[in-house]
Amino acid sequence: MGRLILDLASLSAALDGHPLGLTAYEFALLRALAEQAGRVLSRERLLDLARGNAEEAFDRSIDVRISRLRQKLGDDPRSPRLLKTIRGYGYMLVAGDDG
């Protein structure tokens, strides 16, 4: 698993030193996931944290946004290692190991 760096000043992110080229919303979403790494966040909570409208969660727009974010992270959607889908609930960014 790679090392993810978020730069709050420039609203940019890099994985293993490679810039991710995120939109402002994708950055907000990744930041929300990173701040709660290792914890499952519901679609509604993610939209709230990323300053979206929680009502959007019902039309699954968050799933599309997560899919795009996963693509930019280079995470295989069939077997994701960084951004896990927790069926029926939401998503979780896997916490990194320190060792």
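Summarised in this report is the structure supplied together with it.

What counts and what doesn't
Residues numbered from 1 in each chain as written. Predicted model: local features only at pLDDT ≥ 70, side-chain atom pairs only at ≥ 80, totals over all residues. Heavy atoms only, no water. Helix = DSSP H or I, 4+ residues; strand = E, 2+ residues; numbered from the N terminus. Buried < 20%, exposed > 50% of the residue type's maximum accessible area, 1.4 Å probe, protein only. Contact = heavy atoms within 4.5 Å. Areas by Shrake-Rupley, 256 points an atom, 1.4 Å probe, with all protein chains shown as cover. Pairing = 2+ DSSP bridges. Axes fitted to C-alpha atoms, helices over the stretch in contact; angles between N-to-C directions.

**Remarks on the overall build of the protein chain**
So, point 1. In terms of helices and strands, the protein chain carries three helices and six strands.
So, point 2. Ordering the α and β elements of the protein chain from the N terminus gives β-β-β-α-β-α-α-β-β.
So, point 3. In the protein chain, buried positions account for 35% of the 99 residues.
So, point 4. Residue pairs at least 24 apart in sequence account for 43% of intrachain contacts in the protein chain once pairs closer than 6 positions are excluded.
So, point 5. Per element, the accessible surface of the protein chain, about 6,300 Å² overall, is 47% carbon and sulfur.

**Some remarks on the sheet that holds strand β6 (residues 90-93)**
So, point 1. Strand order in the open sheet made by the three strands is β4-β6-β5, with antiparallel pairing throughout. Each edge of the open sheet carries a strand with a single partner, namely β4 (41-42) and β5 (83-86).
So, point 2. Strand direction decides the pairing type here: β5 and β6, joined by four bridges, are antiparallel. Paired with Ile86 across the bridge in β6 is Gly90.
So, point 3. The sheet strands contacting helix α1 (residues 24-35) are β4, β5 and β6, and the helix crosses β6 at an angle near 70°.
So, point 4. Sitting on the sheet, helix α3 (residues 61-73) is in contact with β5 and β6, with an inclination near 150° to β5.

**Some thoughts on the sheet that holds strand β2 (residues 12-15)**
So, point 1. Across the sheet, which stays open at both edges, the three strands sit in the order β1-β2-β3 with antiparallel pairing between neighbours. With one partner strand each, in any of the chains shown, β1 (4-7) and β3 (18-19) form the two edges of the open sheet.
So, point 2. Here α1 sits on the sheet and contacts β1 and β2; the angle it forms with β1, its principal contact strand, is near 120°.

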